[in-house]
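If you want the building blocks of each chain, they are given just below.
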Amino acid sequence: MIAPGHKGNIGRPVRRREDSYLLRGEGRFLDDIAEPKDTLFLGFVMSPYARAEILSIDASEALALDGVVAVMTAEEMKRLAKPMHTIIDFPGYRGTPRPILAENQVRFVGEQVAVIVAEDPYIAQDAIDLVQVEYAPLEAAVSLEQTLEPGAPLVHDEVPANVMFESSFSSEGFEERFSADGRIVRERFRKSRVAGVPLEPRGCLALPDHVADSLVFYTSTQIPHLVRTALSELLGLPEPRLRVVTPEVGGGFGTKAQFYTEEVATAAIALHLRRPVKWVQDRREELLTSIHARDHIIELEATVDDSGRILALRAEIVTNAGAYSTYPFGCSLEATGAARMLVGPYDIRHYAYRARALTTNTCPSGAYRGVGQPSCFMAIEGLMDRIGRQLGIDPAEVRLRNVVKADQLPYVNVLGVRYDTGSYEACLRRALELADYWQFRKRQSEAEPDGQFLRGIGICNFTEVSGAGSAGWRVRGLTKVPGFDSAVVRIEPSGQITLQVSQAGAGQGHLTTFAQVLADHLGARVEDVVVAEGDTASAPYGTNTFASRSAVAGGGAVIKAAETLGRKISRIAGYLLGVDVERIELRDSRAVVSGDQGQGVSFREIAAVAYSMSGTPLPQGEEFGLEAFETYDPPLATWANAVHIAQVAVDRRTGSVTIENYTIVHDCGRVINPLIVDGQIHGGTAQGIGEALMEELVYDAEGQLLNANLLDYLMPTAMDIPDYRLDHIESPSVDALGGFKGVGEGGVIGAVPAVTNAVADALARVGANINRTPLRPSYLLQEMQRAAAGN
Amino acid sequence: MELSGERRVGAPRQEVWAAVNDPAFLKEVIPGCQELEQVSPTRFTAVVRVSVGPLKADFKGEVRLEDVVAPLSCRLVGEGQGGVAGFAKGSARVELAEDGEGTIVSYQVDAQIGGKLAQIGSRVVQGVAAKLTARFFDGMAMKLGAEEAAAPAA
């Protein structure tokens, strides 16, 4: 039992342990690891065509270059590694294996065709230029609009109509309810294609031992355990002989929650040549080959009553999966994610959807921060605004009429998903108040109709799925995503505490937050706790870090392990102090007797006994050491929620958007560290603002990516990001241990719809209908001109 | 990418027609042309050095003459491989109209680019293409007898 006087750490703004070295530039990222002097470097020859037959590959000139050790094509590579194949155990899924190097056919610009192995990275780059590949270009399927047309080219012969995944749902009696009385409101939303663009591109370093029967593999990933299991399977190397280590990871955002062909090639070549092998990509390669995301069409139609209540809602969702199903999430994540999250915080009792993922000749898509949610909330929140406009009811009022109320909790939504706790109405009311929403509406209605600026306000009220446990992944058919996480807590002979967690941070501050959680649940001083993670040789197995799961899944495992170890400490302390174990309380790294301030023993003294380094023997029946291992499987999901309100001004002459006010009220349950929670929201919101206003990966009709560089792929700078007004409500989860809910993705999820709705609200004043992103000046000007011309 | 424009050349149509069918003449006026060979009456092979932004590459390719109506019009169809820099392909419809003592050459180009050229150069490639086209016609006009310049319209 934790003593009442123990100094609590959860909820305190403990400074991040990571910052002292990260801010000084002393973080050790993949490319900072000193490679051994016989290391070889890779360079990939990438396809310039979206779809083509490979007729021949002539590497003779490259091989003749001094310093080139080997050039490999699919022919050699397929003897070293099996293709990647993501199995999704779900009806309607058609997976296709992806060879590590393209064989016979290329399916997107950037797909790897051959790999150079050279003595230095510059020689590898020069040799890429010397490989002659002869292609026979074929017509490509690129955009969703083109691929939906009958007769579009087939990306994979075995995937009819390019439908890689299809799923549908209809609540009981939906059709009758939908066709009953009620006004129909509909809209088609188009969410543009973007990418996570971590500051540090991907890379890896493979170090085989001297006889190449084991491998240490450094890789910039969020999923070291899943990489180990997958690598072992594809290379045929026993898992115990494979150690995967993540150094400091310079941003992941889901981009690095995927397992990539280059990682397989690097490991395979290192084992084959018995040399250390390193590969680090540049930005162009990163934008061409790291997973892309979004690129969705969502069509909604709802029947509504006169008060604006949604009676029945139908969604038709199409997502662009790209050329291959990615590992480990497959191509179904965005389609089902968007479909299943779309009802969000609203009490919608009749719902039907069809969700499809189409394969196209573009970069494979994957799990970027928010996954289907920025799109599905752009759709449902956009629909709320349209209901308001069509019925002459304020859009905030429409939301208040549809939102799940506090007295309805716990609430089971139309898909059978349970929301244990939440603050859907309270967050909305607080945000409306902080944003001075009603005052703005009054000013807006009085504004000069011909002024230079059109002003608008946009709301996004949303739920954020987080911390999904094994049931949450099983229900989606994902067989390579376990769902549980684990922790090992060990009090060392010195009395200091080691905590190993099955997570792998990419800047989230795990070394700080897990120490806080452990300290509170073990009765330890936070400064006695050292957290380690990201090395499969020492960290226990788990699902790793993505989908806003660290606090929920990792935190739950830490709590369970702390409690197990706490019981052992208490037993030994009771024996040493000669009191009943029930009277032992833990505080400040000591075991004390309840009600007796003076009597107690320190963890160090207990450790001396446990490790047999004391005159006192271990009590009979106790095992040596002070260590506990526990796993935690969170519920199907925990549901955070929040409201974002953006207020914008659109310049009628230039079409440029300025965000004048930005308000967030967020509820992620019990807050472990408010500094880190605020940081997650700030960063995510910046990414969402970028996604709404400017980011877009542009493919031309031939499947050429036209902006694989950061001059042309626009990202927000500090100049584009407003100050946020941020407030919290805490509704601790009752289903998840610790009461935590995830907070990793909410910023993006809220920002994309809030900004889009604000701009749409502004332009609705001149009759323009804004239903797609990015909200570039050219698009806004065109829509304003079209509206002015009266069509 | 589309480009079109016209240019007056101070030489009779027949002379202009002969020039644009003469490999030696073309090699001199095509900007960056390293090699140009006529392999049949309607086929040429060429190596052209082009730099677009940070990319410099030798594009090796073939140009065919199609729909030839001498000396009025033809269509040039070609594709060039720049190795790792990517590729360019396209067609140009060229028409020659008599204009007093001179000839008005008009052109409509439709081109696609791919690979690295598209990925990092697409923002500047239109400008580069317009400049190269202007240089081609300037060179032609200069060699055949300079006349008043008309900037190509993109």
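Our structure is the block above this text.
In this report, the structure presented in the accompanying data block is examined. (Residues numbered from 1 in each chain as written. Chains lettered and ligands numbered in written order. Predicted model: local features only at pLDDT ≥ 70, side-chain atom pairs only at ≥ 80, totals over all residues. Heavy atoms only, no water.)

**Re the overall build of chain B**
Now for step 1: Of the regular secondary structure elements, chain B holds three helices and seven strands.
Now for step 2: Start at the N end of chain B and walk to the C end: the helices and strands fall as β-α-α-β-β-β-β-β-β-α.
Now for step 3: Relative to the globule expectation of 15 Å for 154 residues, the C-alpha radius of gyration of chain B, 15 Å, shows essentially globular dimensions.
Now for step 4: For chain B, the spread of C-alpha atoms along the three principal axes comes to 45 × 35 × 25 Å. (Helix = DSSP H or I, 4+ residues; strand = E, 2+ residues; numbered from the N terminus. Rg over C-alpha atoms; globule rule 2.2 N^0.38 Å.)

**Notes on the overall build of chain A**
Now for step 1: A tally of helices and strands in chain A yields 21 helices and 28 strands.
Now for step 2: Over its C-alpha trace chain A gives a radius of gyration of 28 Å, about what one expects of a compact globule, namely 28 Å for 791 residues.
Now for step 3: Counting only C-alpha atoms, chain A reaches 95 × 75 × 50 Å along its principal axes.
Now for step 4: Residue pairs in contact within chain A that sit at least 24 positions apart in sequence constitute 81% of those at least 6 positions apart.
Now for step 5: With an accessible surface of roughly 28,100 Å², chain A has 50% of that area assigned to carbon and sulfur atoms.
Now for step 6: In chain A, 75 positive and 101 negative side-chain charges are present, and the distance between their average locations comes to 4 Å. (Contact = heavy atoms within 4.5 Å. Areas by Shrake-Rupley, 256 points an atom, 1.4 Å probe, with all protein chains shown as cover. Lys, Arg positive; Asp, Glu negative; His and termini not counted. Charge placed at Lys NZ, Arg CZ, Asp CG, Glu CD.)

**Details of helix α8 (residues 261-273) of chain A**
Now for step 1: With 13 residues, α8 of chain A ought to run about 18 Å at 1.5 Å a step, and its terminal C-alpha atoms sit 18 Å apart, in line with that.
Now for step 2: Burial within α8 of chain A is extensive, with 11 of its 13 residues counted as buried. (Expected span 1.5 Å × (residues − 1). Buried < 20%, exposed > 50% of the residue type's maximum accessible area, 1.4 Å probe, protein only.)

**Overview of the interface of chain A and chain B**
Now for step 1: At the junction of the two partners, chain A supplies 17 residues and chain B supplies 15 residues.
Now for step 2: Both faces considered, chain A and chain B share a buried interface measuring about 1,300 Å² in area, 51% of it formed by carbon and sulfur atoms.
Now for step 3: Counting across the interface, chain A meets chain B through two salt bridges.
Now for step 4: With a shortest N-O distance of 2.2 Å, R123 of chain B and D712 of chain A are connected by a salt bridge.
Now for step 5: Where chain A meets chain B, there are eight residue pairs in polar contact (both at pLDDT 80 or more). (Buried area = accessible area lost by both parts, 1.4 Å probe. Salt bridge = Lys/Arg side-chain N within 4 Å of Asp/Glu carboxyl O. Polar contact = N/O pair within 3.5 Å; in protein donor to acceptor, adjacent residues only side chain to side chain.)

**Looking at the sheet that holds strand β7 (residues 102-114) of chain B**
All names here are of chain B.
Now for step 1: On the basis of which strands lie adjacent, the open sheet formed by seven strands has the order β1-β7-β6-β5-β4-β3-β2 and antiparallel pairing. Of all strands in the sheet, those bounded by a partner on one side alone are β1 (2-9) and β2 (33-40). Averaged over all pairs of adjacent strands, the angle between strand axes in this sheet comes to 25 degrees, irrespective of strand direction.
Now for step 2: Pairing of strand β6 (residues 87-99) with β7 involves 13 bridges; the strand directions are antiparallel. Note on β7: the bridge partner recorded for R93 is Q108.
Now for step 3: Helix α1 (residues 13-20) contacts β1, β4 (55-69), β5 (73-81), β6 and β7 of the sheet and is inclined by roughly 160 degrees relative to β6.
Now for step 4: Where helix α3 (residues 116-144) meets the sheet, it contacts β1, β3 (43-52), β4, β6 and β7, and its direction lies at approximately 10 degrees from that of β1. (Pairing = 2+ DSSP bridges. Axes fitted to C-alpha atoms, helices over the stretch in contact; angles between N-to-C directions.)

**Section: the pairing of strand β9 (residues 203-208) of chain A**
All names here are of chain A.
Now for step 1: With respect to burial, β9 is a largely interior element, five of its six residues being buried.
Now for step 2: Pairing geometry for β9 and strand β12 (residues 277-280), over four bridges, is antiparallel. Each bridged residue has a counterpart across the sheet, and for G203 the counterpart in β12 is V280.
Now for step 3: In terms of strand pairing, β9 meets strand β10 (residues 215-219) through five bridges, oriented antiparallel. Paired with A206 across the two strands is F217, which belongs to β10.
Now for step 4: Hairpin geometry of β9 and β10 is characterised by an intervening segment of six residues between the two adjacent antiparallel strands and by a positive phi of about 55 degrees at A212.

**Observations concerning the pattern of salt bridges**
Residue and element names in this part refer to chain A.
Now for step 1: On inspection of all chains with the given rule, the structure shows 56 salt bridges over all chains.
Now for step 2: Between R418 and D735 there is a salt bridge whose closest N-O contact spans 2.8 Å. Here the residue R418 occupies a position in strand β17 (residues 418-419), and D735 occupies one in the loop between β28 (725-728) and α20 (746-764), the gap between them amounting to 317 residues.
Now for step 3: By relative accessible area, which is 30% here, D735 ends up partly exposed.
Now for step 4: Residue E446 is joined to K442 by a salt bridge in which the shortest nitrogen-to-oxygen separation is 3.6 Å. Of this pair, E446 and K442 both sit in helix α14 (residues 437-446), four residues apart, roughly one helical turn.
Now for step 5: For E446, a relative accessible area of 55% translates into the label exposed.
Now for step 6: The exposure class assigned to K442 is partly exposed, which follows from its relative accessible area of 46%.
Now for step 7: Each of the salt bridges in this network shares a partner with another, and the network as a whole consists of E145, R188, R190, R193 and D295.

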